[in-house]
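# Close look at the chain arrangement
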Amino acid sequence: MSGRQRTLFQTWGSKVSRSTGAPTCNSGTERPQSTGISRARFPAVAEAAGAAEVEPESDDDVLLVAVYEAERQLNLENGGFCTSAGALWIYPTNCPVRDYQLHIARTALFCNTLVCLPTGLGKTFIAAVVMYNFYRWFPSGKVVFMAPTKPLVTQQIEACYRVMGISQSHMAEMTGSTQAFTRKEIWSSKRVLFLTPQVMVNDLSRGACPAAEIKCLVIDEAHKALGNYAYCQVVRELVKYTNHFRVLALSATPGSDIKAVQQVITNLLIGQIELRSEDSPDILPYSHERRVEKLVVPLGEELEAIQKAYIQILEAFASSLIQRNVLMRKDIPNLTKYQIILARDQFRKTHLQILW
């Protein structure tokens, strides 16, 4: 056993630390200060320890009492934050250490952060580091990873296990196909959850998700957090129950314009942006030149038949609009949804002006 490792009893029974709360955006330190508390604060632990001196066979009972009392005290005073574990944060060295990943991970631990990195430069790795540290810091808390598609969810599960070694028995994946009563059981028994935002919204609305216990929320493809998208609904619901949770938002493309980016920042309660491009000095050593080769694949007989039927249906409606000068474009097979919406908005605008 290394010098830093302790048993549960050594950590929680003999000396329990306390702090004013979990790290916040303003706490820019890697080692939060803590003050020791004597075991006298936990009479049940002291009594059990005294009994253990008389009856050596009751060590298991002492451990159980110590864990119970420590967890109860932590939940009451610090929102579940364990200052013994929170005295440091862990960064893996089983992979080559990249300075930009180290810097971004450190920032994301102490402030709600939007991470914008080009694809393939380690957003998944950074998320795994942050998730693992909150998993350690809050022994009874929940860590949630949300992604819009199941493959992205699966990718993050593998990273958390492979990179950080989070026990698979503490992790679970939930999808819309998982039955409601099963999801409620998973919420109560697992600590690191991977799911789509729609599932999260449903479980929050039904009360199956213990919202107050969520300490870290990781959001992949964060640029989707616009309007009333499920990501936005999740954050709004969580705030109703607790303000003590960290948000880590990940995206390769944060938004098409400043207004869209600002919406993402507001909707996800972001306090810090970590932006890197392929030309950033700390990224250049890890960026590789890409060669793009375009391959045009023919549709095939079956898809061509479907395309033909679709165009026939589209022509029936578009021809009428063209005759009335609502649609200017007459190349119906290449008509796009955007062009139709644009024509509709222009038509409404013109006719409203005539009415006025």
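Scroll up to find the structure this text is about.
Quick look at the structure, then. Since we're looking at a predicted model, the values are computed, not measured.

### A few points about unusual backbone geometry
Even without glycine at this site, Leu 269 takes up a positive phi of about 60°. When you line up the elements, Leu 269 lands in the loop between α10 (258-267) and β9 (272-275). The partly exposed category is assigned to Leu 269, whose relative accessible area is 37%. Although it is not a glycine, Asn 325 adopts a positive phi angle of roughly 60°.

### Here's the deal with the pairing of strand β3 (residues 113-116)
Taking every second residue as pointing to the same face, both faces of β3 are buried, with Thr 113 and Val 115 on one and Leu 114 and Cys 116 on the other. Pairing of β3 with strand β8 (residues 246-251), which is carried by four bridges, proceeds in the parallel orientation. Residue pairing across strands places Cys 116 opposite Ser 251, the latter belonging to β8. Pairing geometry for β3 and β9, over four bridges, is parallel. Across the sheet, Val 115 pairs through a bridge with Glu 274, a residue of β9.

### With respect to the packing of aromatic side chains
Within the structure shown, the criterion is met by 11 aromatic pairs. Ring geometry for Trp 89 versus Tyr 91: centroids 6.2 Å apart, planes at 85°, classification edge-to-face. Comparing Trp 89 with Tyr 91 shows no difference in burial state: the two are buried. With 5.6 Å between their ring centres and 55° between their planes, Tyr 100 and Tyr 286 make a pair best called tilted. Residue Tyr 100 is found in helix α4 (residues 99-110), and its partner Tyr 286 is found in the loop between β9 and α11 (301-323); the two are separated by 186 residues along the sequence. Residue Tyr 286 is classed as partly exposed on the basis of its relative accessible area of 26%. Grouping aromatic residues by their ring pairs yields a cluster made of Phe 81, Phe 110, Phe 134, Trp 137 and Phe 138.

Rules of the game
Residues numbered from 1 in each chain as written. Predicted model: local features only at pLDDT ≥ 70, side-chain atom pairs only at ≥ 80, totals over all residues. Heavy atoms only, no water. Helix = DSSP H or I, 4+ residues; strand = E, 2+ residues; numbered from the N terminus. Buried < 20%, exposed > 50% of the residue type's maximum accessible area, 1.4 Å probe, protein only. Pairing = 2+ DSSP bridges. Phe/Tyr/Trp six-rings, centres within 6.5 Å; stacked < 30°, edge-to-face > 60°.

So yeah, pure geometry; function would need other evidence.
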